[in-house]
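Observations on the three-dimensional arrangement
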Number of protein chains: 6
Amino acid sequence: MRILVLNVNTTESMTAAIGRQASAAAAPGTEIVALTPGFGAESVEGNYESHLAAIAVMETVRAYPEPFDAVIQAGYGEHGREGLQELLDVPVVDITEAAASTAMYLGRSYSVVTTLDRTVPLIEDRLLLAGLSARCASVRASGMAVLELESDPAGAVEAIVGQAELAVRDDRAEVIVLGCGGMAGLTEQVVARTGVPVVDGVAAAVTVAESLVRLGLTTSKVRTYAPARPKAFRNWPPGAAPR
Amino acid sequence: MRILVLNVNTTESMTAAIGRQASAAAAPGTEIVALTPGFGAESVEGNYESHLAAIAVMETVRAYPEPFDAVIQAGYGEHGREGLQELLDVPVVDITEAAASTAMYLGRSYSVVTTLDRTVPLIEDRLLLAGLSARCASVRASGMAVLELESDPAGAVEAIVGQAELAVRDDRAEVIVLGCGGMAGLTEQVVARTGVPVVDGVAAAVTVAESLVRLGLTTSKVRTYAPARPKAFRNWPPGAAPR
Amino acid sequence: MRILVLNVNTTESMTAAIGRQASAAAAPGTEIVALTPGFGAESVEGNYESHLAAIAVMETVRAYPEPFDAVIQAGYGEHGREGLQELLDVPVVDITEAAASTAMYLGRSYSVVTTLDRTVPLIEDRLLLAGLSARCASVRASGMAVLELESDPAGAVEAIVGQAELAVRDDRAEVIVLGCGGMAGLTEQVVARTGVPVVDGVAAAVTVAESLVRLGLTTSKVRTYAPARPKAFRNWPPGAAPR
Amino acid sequence: MRILVLNVNTTESMTAAIGRQASAAAAPGTEIVALTPGFGAESVEGNYESHLAAIAVMETVRAYPEPFDAVIQAGYGEHGREGLQELLDVPVVDITEAAASTAMYLGRSYSVVTTLDRTVPLIEDRLLLAGLSARCASVRASGMAVLELESDPAGAVEAIVGQAELAVRDDRAEVIVLGCGGMAGLTEQVVARTGVPVVDGVAAAVTVAESLVRLGLTTSKVRTYAPARPKAFRNWPPGAAPR
Amino acid sequence: MRILVLNVNTTESMTAAIGRQASAAAAPGTEIVALTPGFGAESVEGNYESHLAAIAVMETVRAYPEPFDAVIQAGYGEHGREGLQELLDVPVVDITEAAASTAMYLGRSYSVVTTLDRTVPLIEDRLLLAGLSARCASVRASGMAVLELESDPAGAVEAIVGQAELAVRDDRAEVIVLGCGGMAGLTEQVVARTGVPVVDGVAAAVTVAESLVRLGLTTSKVRTYAPARPKAFRNWPPGAAPR
Amino acid sequence: MRILVLNVNTTESMTAAIGRQASAAAAPGTEIVALTPGFGAESVEGNYESHLAAIAVMETVRAYPEPFDAVIQAGYGEHGREGLQELLDVPVVDITEAAASTAMYLGRSYSVVTTLDRTVPLIEDRLLLAGLSARCASVRASGMAVLELESDPAGAVEAIVGQAELAVRDDRAEVIVLGCGGMAGLTEQVVARTGVPVVDGVAAAVTVAESLVRLGLTTSKVRTYAPARPKAFRNWPPGAAPR
């Protein structure tokens, strides 16, 4: 089966890293195709960038020329999963949700450790809408920006592990979700320091997508995600004639 | 003061109608500027279209060359209000929320009557995130598409009033919100048939925006709506060189 | 238009201050009539006093001889708004609710800073019943009694600003509501020290009441606020013959 | 022990009936003293009347010259229990809450059948504030006014039993609470027709009050129900000199 | 009337203590029969032990040869109350729930102080399912195991009182529930140190059970607690031939 | 990898059917071992039977002599998953939860169609505790007992499909979960008649368990599911000497 994994920002090196991460989690026979959106921000850390990512991811998937079996949106707290579900029949998995539902199998409550304080509300909103917030102990920010995770790995480890420890001790989290694609390499260190299971959203999403495909399940088309009604668009997509 | 009122679709006649509606509600001295997004769908009735509207509205506001005092996003259940708040210091008002908070002053519970069944979840999600759903008795669909409101006004009245009556009788709504810009002309008929107050979101939003401006209140910039961090964009906005 | 603004306690100087505050926020052409209840406590800081205020405010409004267009109940967390809505067709606005719904337009969450610890539950109850608590980060007490706000202004500033700072830092509030009429003069200092917007309930309520009147909206009379059934009263109002 | 049972309206015959009902439920050695408020409405079926009852009940208890061990407020959905708790150290029990918490021991969910549609919101509000609404399946109105229960007993039975049956069948209630003092005589008929346990609030409240007294428990005085601060009252109580 | 009080562990001395506690709270004429389960753990402090206690308590009640009027399950946070309600027509009272609903009459919020951290989730789950968690400020662990309460009484007092003080100060609890049968002797010391009412679940449950019996109320049999359907069991109860 | 799949009742033919179902969903290389509890009821349709199943499943897993990688508890709404998580380090998956979290990837809301009305509360409780109820539109009973699914397959189809249709139409479910192991064969017919995706819990649980194992994730041991403390048991397990 072929799974498209969509980065939400336009930094190719992060797309490559997400692709490697996804491939490492994939079963034999699963082809991972990591895609960078055709437009957008180099990193997504706020509302405008997230809204732009939503539409960029959708256009990128729509433009993909080959058949595929599932789509993973690999951004933490980004908008747009509902739009993909409307466009597609195949399963769509947001890593924010895959990480949460995976964590819920492992402990009574989980915390998400993310990058900047300003992304906390975005993740909280996604979890609330997804109906996955009842067992979320907290969403904590490490204070490290997405791109700093690469530029200052030692500092990132300390900041992230520190928040994970506080989540376990003060918020009573029993599982930690690393809430940024760029954090995937830190899993072992967080496990070692906190003693609790640590879930990486990209890997979790790959197994969820594979499972849905194997079970022959597709997106429900009766109401919320029914195919869009045919209608005229103006000046969209960029450079296109009106449809 | 000058208030920008943003249509979420690209149908100019609807922009004009929204503008008239807003102007009728405005105080003396308020200038209403109704804007059509530079790109997007002729009507917004689903997730993809709503996500596209979110970013189109933001770009349109960003490109507006004159100063302004507040922005109204005139779409029911559309995405994007948070992005506008991040971009701007001036108050931003979504008509979905203005209608709900206005209705809550008038009765113990309110129902929204909207167009198609598929837009119900979008409105419910907005109200949940806005923290305004506790007193929402129901969101009901009339089954009339946005553009049918103009093409079949008699049918629209019947369908909408019928749902409003059910909302009052079965869902125990005490106030009705007409959940589509195109429904504004029906207010009197719904009042006459149901006996409850009917709130039009555009008019409500104008008074909310004027009030916030008059009180000298602006969007909080401490966390969720802090200004975006400077970063590089690729292929955006359409035709632009990278920023 | 004429708006009655009801103080909930019997301290005339506070009625005067509330009246000035309301007038400062009112639009040209709005006449503010500030009224002191005919009976009750010199300040309202508890349940008994609040219940007494509820009925005193209603009797005072009922006895007002001139026509009016809206009523504002200017007490934080006091009982009685529902009773006014039952008595009247014109809009009724409680400043607790007007402040909250105004704050919700400005940031993702708000905190209320009030006077004594014992009034916190009263405010929390009002917000819960009003369906406005989902985005309330906290209600915090400054420890200053209502009348101390006048007698020790310097101490009051420190106590109130201190709690506002804690609300922003620890409770993640993005907007502050000053939860006592007597605090209105402190707005600028709290803004300066916390960097977040500060909402004064009396001013907010004036704009809400004006908006409702301008939109021609009145209280729904279908169920909760239907006019009272005619019935016999004993020994009420004080000194009256049975009705 | 002596328990004061406070009617909320001024109809002496209803006070007497409530007193008989309470006495029938009381343990040997419990003295029931049924009191009629010194002022107020002949029946309480709305917000104004309920607010008036709240303060009338408090004044009546305050004026009672003898010692007592507990107070029961015998009104469904009335305001004022918090005020009594503030005034008194002895336990205070509202029959709305006693009925609900008793019903919760008997089945997974309960419904309240009350008099008029307009009293439903009052009861729902009390249960929400009391934290007893999670297992409330519904509050249903029989359409019979309080005083009709006496004037048309046959019609009342049919109306009440009919709603109880709907609650069990459609709302999945497993226990019925008769939500009006005047309904106490109907218990057996509702049991016979619905097959579920039926709770009468006055009787339940008597056993709760007795239990609290026997356990030596009193109202917590640390915050919400701390004694009122000393302060000056104007024109209150009626005819009194200022305190 | 005869009330069976079921210890959930197999430590006879604890059964005896629970029996004394229950008898001290019982009204004249109430016979308390304290029973030790026929199998299970010496103390219950986790999920496996709690599930085992659930079934052991049920078998013990089923095997009791004499008639009885009510059953009390005297374990904090243990499973099984629903099963007893299914087996029996007479009232069943879980001390976790009796303590909570009793506490709710005394203050606006309550906290439970229990033994080990690992039992906190068990108690929270019971309160959530029982619909009694809305006013629960916190469940706090003293860190003392059940059997340590007997072996180190002085240490237990300090640990428990310390947590109670934190609950009152930081969690804003107004009532304390001692969440372990073995803590009953500490009530006075906790009252003395915190100044708030302290509820003991066993005593509270006795008065609740007596009240339900006196009111002639029994468990609803319409759905959740309808009698079990007849069916074949294998190897159960231990040593029995198949039924 | 080896996954133990635990039937909750003692009917061997159902164990075999569950085993076949699980094997059909398993990936190559996964060994499914279906186990029948050593004691318990022939079918589980109530609280007593569910509590008994909880402990029987735990003892059966404990007695299994070979190593294994994950455990699936194949009962809808049964107690005991928490106990298994306490006993084991390997992942534990309850089919009630696996079905729900799988369904949540496919549509905005899901309904469960189960057997008898009396099992509805058991399933609702599990979903509430699991934090998976926010998007549950309804749990509906077909009225068919577990064993009737085999004895009257035609009647079962009609009853189950009828409830699924009502769930989609009236409760606005977008996905159906078949809430009983015995219903697995009906998936295609329900899909054909309702047009929405249908999730079978056993199959879903197999893919979840495989995913957790492949990701190297294990149960958190920091608090709720920490290993049981060593302690003495009396008369347990049946026939054993005290441990």
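Right above here is the structure, for reference.
Residues numbered from 1 in each chain as written. Chains lettered and ligands numbered in written order. Predicted model: local features only at pLDDT ≥ 70, side-chain atom pairs only at ≥ 80, totals over all residues. Heavy atoms only, no water.

**Brief notes about the interface of chain A and chain B**
You'll often see interface size given as the accessible area lost when the parts meet. Spelled out, the test is: Residue contacts are counted whenever heavy atoms from the two residues lie within 4.5 Å of one another. Each reported salt bridge corresponds to a side-chain nitrogen of Lys or Arg within 4 Å of a carboxyl oxygen of Asp or Glu. The definition of a polar contact used here is a pair of N or O atoms within 3.5 Å, where within protein one atom must be able to donate a hydrogen and the other to accept one, and adjacent residues in sequence count solely through side-chain atom pairs. In this description a helix means any DSSP run of H or I spanning at least four residues, a strand means any run of E spanning at least two, and both kinds are numbered starting from the N terminus. Residue classes follow a fixed rule: Ala, Val, Leu, Ile, Met, Phe, Trp, Tyr, Cys and Pro count as nonpolar, while Asp, Glu, Lys and Arg count as charged, and any other residue, Gly among them, counts as polar. Note on pairing: two strands pair once DSSP finds at least 2 bridges between them.
With 52 residues of chain A in contact, the opposing surface of chain B contributes 52 residues. Two residues, Glu-45 of chain B and Arg-229 of chain A, come together in a salt bridge whose shortest N-O distance is 2.9 Å. The tally of links between chain A and chain B comes to 38 residue pairs in polar contact (both at pLDDT 80 or more). For the side of chain A that touches chain B, the elements supplying multiple residues, two or more each, are β3 (40-41), α2 (47-63), α3 (81-87), α5 (120-129) and β10 (233-234) of chain A. For the side of chain A that touches chain B, the element with the highest residue contribution is α2 of chain A, accounting for 10 residues. A breakdown of the residues in the side of chain A that touches chain B according to their chemical character gives 23 nonpolar, 13 polar and 16 charged. Where β10 of chain A and strand β3 (residues 40-41) of chain B come together, 2 bridges link them in antiparallel fashion. When the bridges of β3 of chain B are listed, Phe-233 of chain A appears paired with Ala-41 of chain B.

**As for the relation of the copies chain F and chain A**
One copy of the chain maps onto the second through a rotation about an axis and a displacement along it. Our working definition: Residues below a pLDDT of 70 in either copy are left out; the C-alpha atoms of the rest, at least 70 in both, set the least-squares superposition of the copies.
Mapping chain F onto chain A calls for a screw motion: a turn of 180° about the axis and a shift of 0.0 Å along it, with 0.0 Å RMSD after fitting. The symmetry that links the two subunits is that of a two-fold axis. Here 100% of the contact residues of chain F are again contact residues in chain A; the copies associate through an equivalent surface.

**Structural notes on the pattern of salt bridges**
The cut-off we apply is this: Only protein chains enter the calculation, and the probe is 1.4 Å; a residue is then buried if its accessible area is under 20% of its type maximum, exposed if over 50%, and partly exposed in between.
The full count for this structure, using the stated rule, is 120 salt bridges over all chains. The residue Glu-158 of chain F makes a salt bridge to Arg-193 of chain F at a minimum N-O spacing of 3.4 Å. Linking Glu-158 of chain F in helix α7 (residues 153-170) with Arg-193 of chain F in helix α8 (residues 187-194), this pair joins segments that are 35 residues apart in sequence. Glu-158 of chain F sits in the partly exposed class, given a relative accessible area of 46%. Each of Glu-45 and Glu-49 of chain A together with Arg-229 and Lys-231 of chain B takes part in one network of salt bridges that share partners.

**A closer look at the relation of the copies chain A and chain B**
When chain A is fitted to chain B, the residual RMSD is 0.0 Å, and the transformation amounts to a turn of 180° plus an axial shift of 0.0 Å. Taken together, the interface assignments show that 100% of the residues at the interface of chain A recur at the interface of chain B, consistent with an identical surface on both copies.

**Notes on the environment of Gln-21 of chain F**
Residues and elements named next belong to chain F. Within the secondary structure, Gln-21 sits in helix α1 (residues 12-25). Under the relative-accessibility criterion, Gln-21 is labelled buried at 14%. Discounting residues that sit within four places of it in the chain, Gln-21 has contacts with Gly-181, Ala-184, Asp-200 and Val-202.

**Digging into unusual backbone geometry**
In this model, Trp-236 of chain C is joined to Pro-237 of chain C through a cis peptide bond whose omega is -5°. Position of Pro-237 of chain C relative to the elements: it lies in the segment after β10 (233-234). Positive phi, normally seen in glycine, also occurs at Arg-172 of chain B, with a value near 65°. Inspection of the secondary structure assignment puts Arg-172 of chain B in the loop between α7 (153-170) and β8 (175-178). Given a relative accessible area of 27%, Arg-172 of chain B falls into the partly exposed group.

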